[in-house]
Amino acid sequence: MPSLTLLGQSLLSGLFIGALYGLLGVGLSLSWGLLRQINLSHFALAFLGAYLTYQLGGSAGMDPLATLLVIIPAFFLFGVFLHWVLVRFSISPFNSLLVTFGLTVMLESLIQWIWTADYRRLESSYGQVKFRLGEIYVSLPDLITFLIATGLSVGIWALMRHTDLGKALRAVAEDPPIAVAFGINERMLGLVLSGASAALAGIARSEEHTSELQSHHDLVCRLLL
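Let us look at the structure shown here. Since this is a predicted model, take the numbers as computed values, not measurements. All residue numbers refer to position in the chain's written sequence, counted from 1. This being a predicted model, a pLDDT of at least 70 is required before a residue's local features are given, and a value of 80 or more before pairs of side-chain atoms are given or counted; all residues contribute to the totals for chains, interfaces and linings. The basis for every side-chain value is the complete set of non-hydrogen atoms in the structure, without hydrogens or water.

This part covers the overall build of the protein. Helix and strand labels come from DSSP, where a helix needs a run of H or I of at least four residues and a strand needs a run of E of at least two; each type is numbered from the N terminus. Summing up its helical and strand segments, the protein has nine helices and two strands in all. When the helices and strands of the protein are read in sequence order from the N terminus, they spell out α-α-α-α-β-β-α-α-α-α-α. Computed over C-alpha atoms, the radius of gyration of the protein comes to 19 Å, within 12% of the 17 Å expected from 2.2 N^0.38 for 225 residues, which places it in the range of a compact globule. Referenced to the eigenvectors of the C-alpha coordinate spread, the extents of the protein come out at roughly 60 × 40 × 35 Å. Here the globule rule reads 2.2 Å times residues to the power 0.38, and the radius of gyration is calculated from C-alpha atoms.

Once that is clear, we can look at the packing of helix H5 (residues 140–162) against helix H6 (residues 164–174). For the pair H5 and H6, interaxial distance at closest approach is 5 Å and the crossing angle is 75°. In terms of their interaxial angle, H5 and H6 are classed as roughly perpendicular. On H6, the residues that touch Leu 159, Met 160 and Arg 161 of H5 are Leu 165, Gly 166, Lys 167, Leu 169 and Arg 170. Tallied by class, the residues present in the contact of H5 with H6 amount to four nonpolar, one polar and three charged. Throughout, an axis means a line fitted to C-alpha atoms (over the contacting stretch in the case of helices), and angles, computed between N-to-C directions, take values from 0 to 180 degrees. In what follows, roughly perpendicular refers to angles from 65 to 115 degrees, roughly parallel to angles under 35, roughly antiparallel to angles over 145, and oblique to any angle outside these ranges. We call two residues in contact whenever any of their non-hydrogen atoms come within 4.5 Å of each other. Only Asp, Glu, Lys and Arg are considered charged in this grouping, and only Ala, Val, Leu, Ile, Met, Phe, Trp, Tyr, Cys and Pro are considered nonpolar; every other residue, Gly among them, is considered polar.

Moving on, we get to the packing of aromatic side chains. Two aromatic rings, drawn from Phe, Tyr or Trp (for Trp, its six-membered ring), form a pair once their centres lie within 6.5 Å of each other, and the interplanar angle then sorts them: stacked below 30 degrees, edge-to-face above 60, tilted otherwise. Counting across every chain of the model gives three aromatic pairs. Here the guanidinium or amino end of Arg 88 rests over the ring plane of Phe 89, the centre of that ring lying 5.4 Å away. Consider the ring centre and the ring normal. A charge sits over the ring if Lys NZ or Arg CZ is within 6 Å of that centre and within 35 degrees of that normal.

Any two strands with at least two DSSP bridges between them are considered paired. Where strand E1 (residues 130–133) and strand E2 (residues 136–139) come together, four bridges link them in antiparallel fashion. From the neighbouring strand, Lys 130 faces E2, where its bridge partner is Ser 139.

In this structure, Arg 36 takes a positive phi of about 60° despite not being glycine. Within the secondary structure layout, Arg 36 lies in the loop between helix H1 (4–35) and helix H2 (41–58). A positive phi angle, near 50°, is found at Ser 90, a position not held by glycine. Looking at the element boundaries, Ser 90 is found in the loop between helix H3 (68–88) and helix H4 (93–115).

It is worth spelling out the side chain of Ser 41 at this point. Within the element layout of this structure, Ser 41 appears in helix H2. Burial classes: relative accessible area under 20% of the type maximum marks a residue as buried, over 50% as exposed, and values in between as partly exposed (1.4 Å probe, protein chains only). Since its relative accessible area comes to 0%, Ser 41 is described here as buried. Within the structure, Ser 41 has its side chain in polar contact with the side chain of Asn 39 (distance 2.4 Å). Those residues in contact with Ser 41 that sit more than four places away from it in its chain are Leu 82, Thr 100, Leu 103 and Thr 104. Distance and chemistry together define a polar contact, namely a pair of N or O atoms within 3.5 Å, with one atom able to donate a hydrogen and the other to accept it when in protein, and with adjacent residues in sequence counting only for side-chain atoms on both sides.

Packing of H2 against H4 brings their axes to within 8 Å, and their N-to-C directions diverge by 20°. Taken together, H2 and H4 sit at an angle that is classed as roughly parallel. Crossing of H2 over H4 shows left-handed handedness. Residues Ser 41, Ala 44, Leu 45, Phe 47, Leu 48, Tyr 51, Leu 52, Tyr 54 and Gln 55 of H2 form the contact with H4, whose own contacting residues are Thr 100, Leu 103, Thr 104, Leu 107, Glu 108, Ile 111 and Trp 115. Along the lines of polarity and charge, the residues of the contact of H2 with H4 split into 11 nonpolar, four polar and one charged. The crossing is said to be left-handed when, going from far helix to near helix, the turn is anticlockwise and less than a right angle, and right-handed when the turn is clockwise.

For our purposes a nonpolar core is just a set of buried Ala, Val, Leu, Ile, Met, Phe, Trp, Tyr and Cys residues, chained together by side-chain atoms within 4.5 Å. Of all hydrophobic cores here, the largest spans 37 residues; its most connected members are Leu 30, Leu 34 and Leu 200. For this core, the secondary-structure elements that each account for two or more residues are H1, H2, H3, H4, H5, H6 and helix H8 (186–207). Setting aside chain neighbours within four positions, we find Leu 34 in contact with Ser 29, Met 160, Leu 169, Ala 173 and Leu 193.

Attention shifts here to a nonpolar patch on the surface. Like charges within 9 Å and nonpolar side chains (Val, Leu, Ile, Met, Phe, Trp, Tyr) within 5 Å are joined into patches, using only residues over 30% in relative accessible area that form no salt bridge. Residue-level accessible areas treat just the shown protein chains as cover; the underlying method is Shrake-Rupley with a 1.4 Å probe. The working definition used for a salt bridge is a side-chain nitrogen of Lys or Arg within 4 Å of a carboxyl oxygen of Asp or Glu. A cluster of nonpolar side chains, namely Leu 110, Trp 113 and Ile 114, defines an oily patch on the protein surface of about 350 Å² accessible area. Its place among the elements puts Leu 110 in helix H4.

Counting across every chain of the model gives one salt bridge. We note a salt bridge from Arg 132 to Glu 135, for which the minimum N-O separation is 3.5 Å.

Laid out in structure tokens, this is it:
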């Protein structure tokens, strides 16, 4: 039987990883649930965010958290552009799956062409900092990831439930013609929501800046294929 310390450490690691992938799922569910777009490129954007964090941290010497100042606006604009293209050509929900899958393949190929398929790991000044809780150790990067993921998830839930913006988004998702008749700008909300969804993908993978990038890359590729 494994020791209680090992079980506790494993449960804590699972909690941290679950928070990270939960944040990744929030962006995907916003796109799928509110925009009716099956955006498979969300996963590729997440990996692109991880590799951009690696590149900016390694070559430019930026702190992994500081790279969010570059990645969030860039991914937001990409999400806005992607939504504009899907709306401009009247892509149906099923066809959005095919289009974004093709985009995923292109992004995956771009990542392997630039960074290859080799193992990558980005070290930071606080990457090895750990706190001890009894016999269990908590690393600072994992704690930061958990706090940011939890804070964003709770914040998005509160926004969707208790603000006029959230009510407008839910109204557009439930009945677009009626929502537009009441003066809601469906097109603008769609652009903003798509941009925010893409930005969440960048945040999710950028936060896990000391992870084994290629192992996660291979795992999701197997799930998609």
